[in-house]
Amino acid sequence: QVQLVESGGGLVQAGGSLRLSCAASGSIFPFNVMGWYRQAPGKQRDLVATITSSGGTNYADSVKGRFTISRNNAANTVFLQMNSLKPEDTAVYYCKLYWSTSGAYWGQGTQVTVSS
């Protein structure tokens, strides 16, 4: 089986920073696309950023210039560096591994809370 283990969430003041990590284990390939999503209470789960095995990235407009996604393929780990955090960034953040066109694996989610 495939498991995604997240870490790095917590409470931070507006303007602060957090770095999320997601380590993948199991029968996976280093070229899988990985990404981060987030879901606020009562809201849909929205895309934050994705990254390909070669380092190509895509970001939601709301986080461009503030968040940076990166990966260590040798360690099957993806990171999300979050700077200049805003209260609107408060959500549960989920790591995603795109397994195929019809399936994916998700992490357990980690809470990020930004206070004003």
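Quick look at the structure, then. No experiment lies behind these values; they were computed from the predicted model shown.

Helix and strand content of the chain: 0 helices and 11 strands. Written out in order from the N terminus, the α and β elements of the chain read β-β-β-β-β-β-β-β-β-β-β. At 13 Å, the chain has a C-alpha radius of gyration in line with the 13 Å of a compact globule built from 116 residues. Along the first, second and third principal axes, the C-alpha atoms of the chain reach 40 × 25 × 20 Å. The buried share of the chain, reckoned over its 116 residues, is 40%. By sequence separation, contacts in the chain at least 24 residues apart represent 53% of the contacts at least 6 residues apart. Here the chain holds 9 positive side-chain charges and 5 negative ones, and the gap between their average locations is 4 Å.

Following the sequence through the fold, Ser 25 ends up in strand E3 (residues 18-25). With a relative accessible area of 36%, Ser 25 lands in the partly exposed category. As for Ser 25 and Ala 75, which are separated by 50 residues in sequence, their C-alpha atoms are 9.0 Å apart.

In terms of nonpolar packing, the biggest core is built from 28 residues, with Trp 36, Leu 80, Met 82 and Tyr 93 touching the most fellow members. For this core, the elements supplying multiple residues, two or more each, are E3, strand E4 (34-39), strand E5 (45-51), strand E7 (67-72), strand E8 (77-82), strand E9 (91-100) and strand E11 (110-115).

This part takes up the pattern of salt bridges. Under the definition given, this model contains 3 salt bridges. Its salt-bridge partner being Asp 61, residue Lys 64 comes within 3.1 Å of it at the nearest N-O pair. Under the relative-accessibility criterion, Asp 61 is labelled exposed at 63%. Each of Arg 38, Arg 66 and Asp 89 takes part in one network of salt bridges that share partners.

Next up on the list: the side chain of Asn 32. With respect to the secondary-structure elements, Asn 32 resides in the loop between E3 and E4. For Asn 32, a relative accessible area of 7% translates into the label buried. Within the structure, Asn 32 has its side chain in polar contact with the backbone oxygen of Tyr 98 (distance 3.0 Å). When residues no more than four places from it in sequence are discounted, the contact partners of Asn 32 are Arg 71, Leu 97, Tyr 98 and Trp 99.

About the criteria used
Residues numbered from 1 in each chain as written. Predicted model: local features only at pLDDT ≥ 70, side-chain atom pairs only at ≥ 80, totals over all residues. Heavy atoms only, no water. Helix = DSSP H or I, 4+ residues; strand = E, 2+ residues; numbered from the N terminus. Rg over C-alpha atoms; globule rule 2.2 N^0.38 Å. Buried < 20%, exposed > 50% of the residue type's maximum accessible area, 1.4 Å probe, protein only. Contact = heavy atoms within 4.5 Å. Lys, Arg positive; Asp, Glu negative; His and termini not counted. Charge placed at Lys NZ, Arg CZ, Asp CG, Glu CD. Core = buried A, V, L, I, M, F, W, Y, C linked by side-chain atoms within 4.5 Å. Salt bridge = Lys/Arg side-chain N within 4 Å of Asp/Glu carboxyl O. Polar contact = N/O pair within 3.5 Å; in protein donor to acceptor, adjacent residues only side chain to side chain.

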